[in-house]
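# Reading the structure
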Amino acid sequence: METSVQSNIKIEDDRTGLSVETLKRAFADNLFYIQGKYNAIATPNDYYMALAYTLRDRLLQRWLKTVKTYLDRDVKIVYYLSAEFLMGRHLGNSLINLEIYESVRQAVQASGLNLDELLEQEPDPGLGNGGLGRLAACFLDSLATLEIPAIGYGIRYEFGIFNQSIQDGWQVEIPDKWLRFGNPWEIERPDATVEVKFGGHTEVYHDDKGQERVRWIPSHTAIGIPFDTPVPGYDTNTVNTLRLWKAEAGDDFNFQAFNAGDYDGAVSSKMRSETISKVLYPNDNTPQGRQLRLEQQIFFVSCSLQDIIRNHLRKYKNLENLHETAAIQLNDTHPAISIAEMMRLLLDEHKMDWDVAWRITQRTFAYTNHTLMPEALERWTVSLFSSLLPRHLEIIYEINNRFLNDVKTWYPGDDALLSRLSLIEEGQEKQVRMAHLACVGSHSVNGVAALHTELLKHDVLKDFYKLWPEKFINKTNGVTPRRWVLLSNPKLSALITAKIGKTWLTHLDELRKLEAYTDDPVFCKDWHQIKRENKAKLAEYIQYHSGVEINVDSLFDIQVKRIHEYKRQHLAILQVVGLYIKIKNNPNIDIVPRTFIFGGKAAPGYFMAKLVIKLINSVANVVNKDPDVRNRLKVVFLPNFSASLGQLIYPAADLSEQISTAGKEASGTGNMKFTMNGALTIGTLDGANIEIREEVGDENFFLFGLTTPEVYDMKAKGYNPQHFYQTNPELKAVIDRISMGYFSSGDTELFKPLIDSLMYHDDYMLFADYQAYVDCQERVSETYRDQKKWTKMAILNVARSGKFSADRTIKEYCDEIWHAKPVKVSLEEYTQAHATLKG
Ligand SMILES: *Cc1c(COP(=O)(O)O)cnc(C)c1O
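Cut-off values and rules
Residues numbered from 1 in each chain as written. Predicted model: local features only at pLDDT ≥ 70, side-chain atom pairs only at ≥ 80, totals over all residues. Heavy atoms only, no water. Helix = DSSP H or I, 4+ residues; strand = E, 2+ residues; numbered from the N terminus. Rg over C-alpha atoms; globule rule 2.2 N^0.38 Å. Buried < 20%, exposed > 50% of the residue type's maximum accessible area, 1.4 Å probe, protein only. Contact = heavy atoms within 4.5 Å. Areas by Shrake-Rupley, 256 points an atom, 1.4 Å probe, with all protein chains shown as cover. Lys, Arg positive; Asp, Glu negative; His and termini not counted. Charge placed at Lys NZ, Arg CZ, Asp CG, Glu CD. Pairing = 2+ DSSP bridges. Axes fitted to C-alpha atoms, helices over the stretch in contact; angles between N-to-C directions. Parallel < 35°, antiparallel > 145°, perpendicular 65-115°, else oblique. Nonpolar A, V, L, I, M, F, W, Y, C, P; charged D, E, K, R; others polar. Near = heavy atom within 4 Å. Polar contact = N/O pair within 3.5 Å; in protein donor to acceptor, adjacent residues only side chain to side chain. Core = buried A, V, L, I, M, F, W, Y, C linked by side-chain atoms within 4.5 Å. Salt bridge = Lys/Arg side-chain N within 4 Å of Asp/Glu carboxyl O. Phe/Tyr/Trp six-rings, centres within 6.5 Å; stacked < 30°, edge-to-face > 60°. Lys NZ or Arg CZ within 6 Å of the ring centre and 35° of its normal.

### What to know about the overall build of the protein
Counting secondary structure elements, the protein contains 35 helices and 25 strands. Here the C-alpha radius of gyration of the protein, 28 Å, is about what a compact globule of 839 residues would show, namely 28 Å. Seen through its principal axes, the protein has C-alpha atoms that stretch 90 × 80 × 60 Å. Looking at the 839 residues of the protein, the share that counts as buried comes to 61%. Long-range pairs, those at least 24 residues apart, make up 77% of the contacts in the protein between residues at least 6 apart in sequence. Just so you have it, the protein exposes about 32700 Å², and 51% of that area is on carbon and sulfur atoms. Here the protein contributes 96 positively and 109 negatively charged side chains, and the mean placements of these two sets differ by 2 Å.

Dropping the structure here:
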């Protein structure tokens with residue numbers, strides 16, 4: 001093995017050099033030998049593919065060396081299990097993390113092409129819905145950058161999150177065929193295929209030691225084929241792996257039917273398996289109780305755990321030290337079936353005793369909770385479980401029995417406690433509570449912001465907290481400054497680096513040094529100019545894609561995130577209508593010109609969220625055309641918000657809208673990306689907003705709204721939205737204007753469901769927060785009139801955003817949950833070979 005790797009290194013070296021000349025040559029070679037094209041007939045996509053392979057070649061040396069280092073040495077590996085990875089485009093990220101952006105730009109230019117245009121060719125691999133999937137991607141970047149051995153495991157969806165187009169103001173979903181032109185970033189590993197079982201029944205038998213064991217006879221199987229994508233760290237040799245599983249038909253593919261001429265029967269069993277990895281469920285913070293969804297979960301979990309065990313057994317003689325070599329993190333409950341699957345593998349396949357298996361399982365797993373919305377906690381009916389995963393159901397019952405027996409001895413006679421803690425929810429139809437399974441089977445349970453973790457401890461999971469206070473720990477989210485500042489905002493990055501050097505990219509706290517420049521007029525002028533250029537770039541995009549002309553000097557007020565009632569995009573648009581009415585009533589009013597920019601996808605089945613999109617577009621239609629407004633107010637809904645659009649949007653924001661109902665947003669990470677790019681925040685005391693405000697200072701944050709205890713309190717006392725409607729004439733005017741059909745060509749029915757839900761329920765308390773929000777927006781405008789002050793506040797926001805680097809988050813996970821340590825990957829042979837060849 002060693003020698004073949006060695007010889008590879010020498011051959012590879014020559015063709016993967018980093019000089020402009022070598023890059024140019026490799027680019028041309030890849031166009032010819034891989035794409036099978038030459039200049040005269042190449043499309044922009046051909047050029048993109050050729051360049052992508054050029055980059056991948058330059059990752060491979062480090063990637064294979066990383067894999068080998070982990071194989072050779074006693075290292076603890078972090079396995080991050082997530083149903084979603086919203087990686088964003090790979091090409092730009094590779095250029096950044098390999099630090100070869102400039103030489104590649106020159107090589108591309110020397111070939112008569114434009115790098116920006118080639119970067120735009122890459123489809124955004126949208127294998128996630130929003131924050132949760134993007135968090136997984138940021139974590140992989142930080143893990144590699146911190147040189148922590150890690151593998152991300154997930155599903156290689158053939159169709160990722162749908163593309164959103166807007167037609168007549170409504171969201172229309174278009175399938176995301178991201179693999180259509182091939183994917184140069186992945187390598188298929190058919191040799192590492194695994195099998196996953198479904199359905200059937202179980203049998204008891206006695207093993208050769210006479211011990212009672214269980215055998216699962218499935219009704220069908222699928223196979224998982226791994227596709228590996230390199231995850232390069234920034235400024236390090238470490239290139240970790242994202243391993244995504246594709247489902248194909250197992251051995252039960254019906255050859256007999258096929259041979260007997262039953263082609264349809266044969267094909268349908270094949271299709272059934274392949275459907276598993278066909279499409280991402282486009283839900284965010286709402287569960288989907290469909291069988292296929294549970295099939296996806298067990299599919300990727302079983303593939304991944306079998307892979308982890310196989311990896312372990314390559315190095316060690318048995319599995320008793322698994323918890324010393326593996327830390328498995330469950331990103332929400334989507335992979336929570338892992339607890340039962342690991343037990344099944346250890347008990348049934350590896351013949352371990354229950355107590356040993358349980359101890360290893362608990363020591364290996366840790367669980368991250370992502371939601372405070374009770375309706376979003378995953379539950380599966382017992383009947384679905386017993387038909388799809390009969391053996392897992394038995395194991396879950398056994399875990400539950402043993403667990404509840406313990407609880408009985410700790411808290412005798414408390415039947416209510418038992419039923420609250422049980423893994424099984426009684427009721428018309430019995431259900432398995434996946435969050436409970438995750439809590440019981442893990443040694444650590446964490447929330448994703450300080451407030452969120454407190455609410456888990458004292459509300460959502462309070463009974464578990466009472467049992468095991470030591471399991472609960474907070475890990476405030478973070479984002480990677482490499483993608484979200486260096487790649488997205490190159491000009492600001494260059495300005496920062498010119499002042500404080502480049503160490504901030506891996507030690508984000510160093511941004512504090514910028515505080516010294518808040519009164520430096522040249523620095524402030526440059527800062528302001530860069531923000532303006534970023535805004536101009538976004539304005540150009542908007543003009544091109546939506547035809548709306550925008551005043552670059554207006555205040556860019558931006559809310560981009562999934563559309564959800566708890567995030568309250570409708571609160572923002574109500575306030576826009578309020579502002580519009582003020583202008584209509586007094587066309588000469590002196591207001592700060594604003595551009596309201598919205599973006600985000602609604603789950604296709606979430607009617608109210610789709611109606612909010614329609615309302616935003618309807619208001620935009622009226623406001624943008626009204627001559628009374630005189631361009632002082634513009635409303636834009638940017639279609640198809642995605643990671644790559646985010647890279648354009650976050651750097652262009654003056655104001656970041658983070659206005660969720662207090663106690664509903666677990667953390668938010670968009671809030672962090674805005675802050676790092678010099679936007680000021682208008683927000684509630686929710687999720688990580690609280691910590692952002694703590695860091696940047698109260699005076700540099702626009703706070704409004706009810707606190708979480710106030711929300712709870714108002715609900716407990718019987719919240720009546722009508723009261724606010726009747727006592728606040730401005731709010732009433734806004735609601736009446738929408739109800740009367742002003743924005744819907746006289747149609748009074750169109751927005752009625754939305755208005756009624758506010759008037760009669762208002763679960764997310766928009767009316768209660770309305771006036772405070774309007775008043776706060778007034779403070780925003782007044783501040784914006786003083787551009788010097790605004791810029792100073794923006795600089796302080798960036799200077800104090802260091803805490804929100806995912807590097808900080810990952811260090812905390814490593815120290816306090818995973819007990820994982822950095823492992824240096826050395827490329828000594830590589831550099832030696834390099835020297836010889838060069839010499
Ligand atoms: C960061 C990000 C999110 C999360 O945004 P929140 O404002 O925290 O909800 C969602 N989608 C994409 C594409 C992102 O980049």
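### Topic: the sheet that holds strand E15 (residues 379-381)
Taken in spatial order, the three strands make up an open sheet running E15-E17-E16, and their pairing is antiparallel. For this open sheet the edge positions go to E15 and strand E16 (424-425), each flanked by a neighbour on one side alone. Of the strand pairs in this sheet, E16 and strand E17 (residues 431-433) are connected by two bridges, and their pairing is antiparallel. Along E17, the bridge assignment pairs Ile424 with Val432. Packing against the sheet, helix H17 (residues 434-441) makes contact with E15 and E17, and its axis sits at approximately 45° to E17.

### Quick word on the packing of helix H22 (residues 521-546) against helix H33 (residues 787-799)
Put simply, H22 and H33 touch, their axes get as near as 10 Å, and they point 85° apart. In terms of orientation, H22 lies roughly perpendicular with respect to H33. Where H22 abuts H33, its residues Phe523, Cys524, Trp527 and His528 lie against Gln787, Thr791, Ala794, Ile795 and Val798. Residue composition of the contact of H22 with H33, grouped by class: six nonpolar, three polar and no charged.

### As for the site of the ligand
If you check the shell around the ligand, you find 15 residues, and the closest are Lys561, Lys567, Thr669, Gly670 and Lys673. At a separation of 2.8 Å, an oxygen atom of the ligand approaches a polar side-chain atom of Lys567. With respect to the ligand, the backbone of Thr669 contributes an N or O atom lying 2.8 Å from an oxygen atom. The fraction of the free accessible surface of the ligand (390 Å²) that becomes covered by protein chains is 96%. Within the shell around the ligand, the residues separate by chemical class into five nonpolar, six polar and four charged.

### Thoughts on the environment of Ala806
Position of Ala806 relative to the elements: it lies in helix H34 (residues 806-818). Along the sequence, Ala806 and Leu127 sit 679 residues apart, while their C-alpha atoms lie 20 Å from each other. In contact with Ala806, not counting residues within four places along its chain, are Cys138, Phe139, Ser142, Gly478, Val479 and Thr480.

### Side note on the nonpolar core
Judged by nonpolar contacts, the single largest core of 245 residues is most densely connected at Leu514, Leu538, Phe767 and Trp818. Discounting residues that sit within four places of it in the chain, Trp818 has contacts with Lys76, Val78, Tyr80, Leu143, Ala327, Gln329, Ile810 and Tyr813.

### Re the sheet that holds strand E22 (residues 633-638)
The parallel open sheet is built from six strands, whose spatial order is E22-E21-E20-E23-E24-E25. The open sheet has two free edges, formed respectively by E22 and strand E25 (702-703), since each of these has just one partner strand. In the sheet, strand E21 (residues 594-599) pairs with E22 via six bridges, with the strands oriented parallel. Paired with Phe598 across the bridge in E22 is Phe637. In the packing of H22 onto the sheet, the strands contacted are strand E20 (555-560), E21 and E22, and the crossing angle to E22 comes to about 70°.

### Considering the pattern of salt bridges
Within this structure, the stated rule accounts for 57 salt bridges. With a closest N to O distance of 2.8 Å, Asp557 and Arg594 form a salt bridge. With Asp557 in strand E20 and Arg594 in strand E21, the pair connects residues that are 37 residues apart, well separated along the chain. Judged by its relative accessible area of 2%, Asp557 is buried. Among the charged side chains, a network of salt bridges with common partners joins Arg189, Asp228, Arg243, Asp307 and Arg310.

### Focus on the environment of Glu565
With respect to the helices and strands, the residue Glu565 is situated in the loop between E20 and helix H23 (569-585). Spatially, the C-alpha atoms of Glu565 and Asp763 are 8.6 Å apart, while their sequence positions differ by 198 residues. Among all residues touching Glu565, those that are not within four sequence positions of it are His570, Tyr606, Met608, Ser757 and Tyr764.

### Points about the packing of aromatic side chains
Evaluation of the coordinates by the stated rule reveals 23 aromatic pairs. Consider the rings of Tyr80 and Phe139, whose centres lie 5.7 Å apart with planes at 80°: the pair is edge-to-face. Of this pair, Tyr80 sits in strand E1 (residues 77-81) while Phe139 sits in helix H7 (residues 131-145), and the two are 59 residues apart along the sequence. Here the two residues Tyr80 and Phe139 agree in accessibility, since each one is buried. The ring of Phe227 has Arg156 lying over it, and the distance from NZ or CZ to the ring centre is 3.9 Å. It is Arg215 that lies over the ring of Tyr205; its NZ or CZ is 4.2 Å from the centre.

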